[in-house]
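Residue-level listing of the chains:
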Number of protein chains: 2
Amino acid sequence: MTKQKKVILDILRHTDSHPTADWIYAQARKVLPDISLGTVYRNLGVLKEAGEIMELNYGSTYSRYDGNPENHYHCVCLNCGRIIDLPMPVHYELEKEAANSGCSKILYHRLEFYGLCPDCQQKEEH
Amino acid sequence: MTKQKKVILDILRHTDSHPTADWIYAQARKVLPDISLGTVYRNLGVLKEAGEIMELNYGSTYSRYDGNPENHYHCVCLNCGRIIDLPMPVHYELEKEAANSGCSKILYHRLEFYGLCPDCQQKEEH
DNA sequence: GTAGTTGCAAACTTTTTGCTACCCA
DNA sequence: TGGGTAGCAAAAAGTTTGCAACTAC
């Protein structure tokens, strides 16, 4: 665990904003001004492999990262692009159903809802 | 509707392989040898906007396209990368639940299962 | 001491874009 | 004849990689 990796993990653990690699890089530079973008990507890859974080790619050309490795569901705002964690229970029974529909050996599933986040919804009402 | 757009839509409507832009380009060139990759991308974008097709990006650096614009669920094989359609019903009640958890104005949702496809599952057993 | 990691920069992949020419209603 | 597309090639955007120097243990 190098200090670079620690800083990156720290940043992800202390935000719920599902940031991009670039944003993480910018934050990390505030602590380690000489850190490089390559190192950020390398460590994000290592942390992902280790199951410490998750990589999300919901309808974008770039990835976002999630410091919470437990399965949980997301709301993706089609207006501002924000990704919000949803405090709803994970429906493992869906995996049984999918298995019966022809998907063998399911390890996990992902569920995202696309719409408007509360902020954008409110703005639209004005 | 130019002939290029028609060919691209035709290719997508007649496969269930969720192909990449590159694969579509290769197929299209068999019919229209002078078609360019830029045109493929442009038309995929237009068709997506028109709701004729869907763009999928499940854990890859590149997108795949789905000629079936109706919401349905997928099984992503972690071994061979294949994406399979699942003939299970769409659970719209999940959207109600998500709305109650803080996601306003939900337009649609996506659900994917990650695991092994029947082929890879079988190979693993040997 | 050394195995693994960094910073840097160049390379790579996928997708987008600018431009001129073309096609067809 | 003119508005919308195509083809081409160059550029953009995001990510990965090779390498010499450096770190952490």
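Residues numbered from 1 in each chain as written. Chains lettered and ligands numbered in written order. Predicted model: local features only at pLDDT ≥ 70, side-chain atom pairs only at ≥ 80, totals over all residues. Heavy atoms only, no water.

Draft legend 1. Quick peek at the pairing of strand E5 (residues 104-115) of chain B. Summarising burial for E5(B): 9 of the 12 residues are buried, a large majority. Looking at chain direction, strand E5 (residues 106-116) of chain A and E5(B) are connected through 10 bridges and run antiparallel. Paired with Glu112(A) across the bridge in E5(B) is Arg110(B). For strand E3 (residues 73-77) of chain B and E5(B), the ladder comprises 4 bridges, and the chain directions are parallel. From the neighbouring strand, Cys75(B) faces E5(B), where its bridge partner is Phe113(B). (Buried < 20%, exposed > 50% of the residue type's maximum accessible area, 1.4 Å probe, protein only. Helix = DSSP H or I, 4+ residues; strand = E, 2+ residues; numbered from the N terminus. Pairing = 2+ DSSP bridges.)

Draft legend 2. Local environment of the interface of chain A and chain B. If you look at the interface, chain A gives 34 residues, while chain B gives 34 residues. Carbon and sulfur atoms supply 60% of the area that chain A and chain B bury against each other, a total of about 2900 Å² over both sides. Among the residues of chain A in contact with chain B, Asn57(A), Phe113(A) and Tyr114(A) are the three that bury the most area, contributing 18% of the side total. Here chain A and chain B share 0 salt bridges between them. On inspection of chain A and its partner chain B, the count reaches 14 residue pairs in polar contact (both at pLDDT 80 or more). Put simply, the parts of the chain that give the side of chain A that touches chain B at least two residues each are helix H4 (93-100), E5 and helix H5 (118-125) of chain A. Considering each element in turn, the side of chain A that touches chain B owes the most residues, 11 residues, to E5(A). Along the lines of polarity and charge, the residues of the side of chain A that touches chain B split into 19 nonpolar, 10 polar and 5 charged. (Contact = heavy atoms within 4.5 Å. Buried area = accessible area lost by both parts, 1.4 Å probe. Salt bridge = Lys/Arg side-chain N within 4 Å of Asp/Glu carboxyl O. Polar contact = N/O pair within 3.5 Å; in protein donor to acceptor, adjacent residues only side chain to side chain. Nonpolar A, V, L, I, M, F, W, Y, C, P; charged D, E, K, R; others polar.)

Draft legend 3. Representation of the sheet that holds E5(A) within the structure. Pairing is mixed across the open sheet formed by 6 strands, whose spatial order is E4(A)-E3(A)-E5(A)-E5(B)-E3(B)-E4(B). Whereas interior strands pair on both sides, the edge strands pair on one side only; in this sheet they are strand E4 (83-86) of chain A together with strand E4 (83-86) of chain B. Mean inter-strand twist for the sheet, computed between neighbouring axes without regard to direction, equals 30°. Bridge count for strand E3 (residues 73-77) of chain A against E5(A) is 4 bridges, and the pairing is parallel. Within E5(A), the residue paired with Cys77(A) across the bridge is Gly115(A). (Axes fitted to C-alpha atoms, helices over the stretch in contact; angles between N-to-C directions.)

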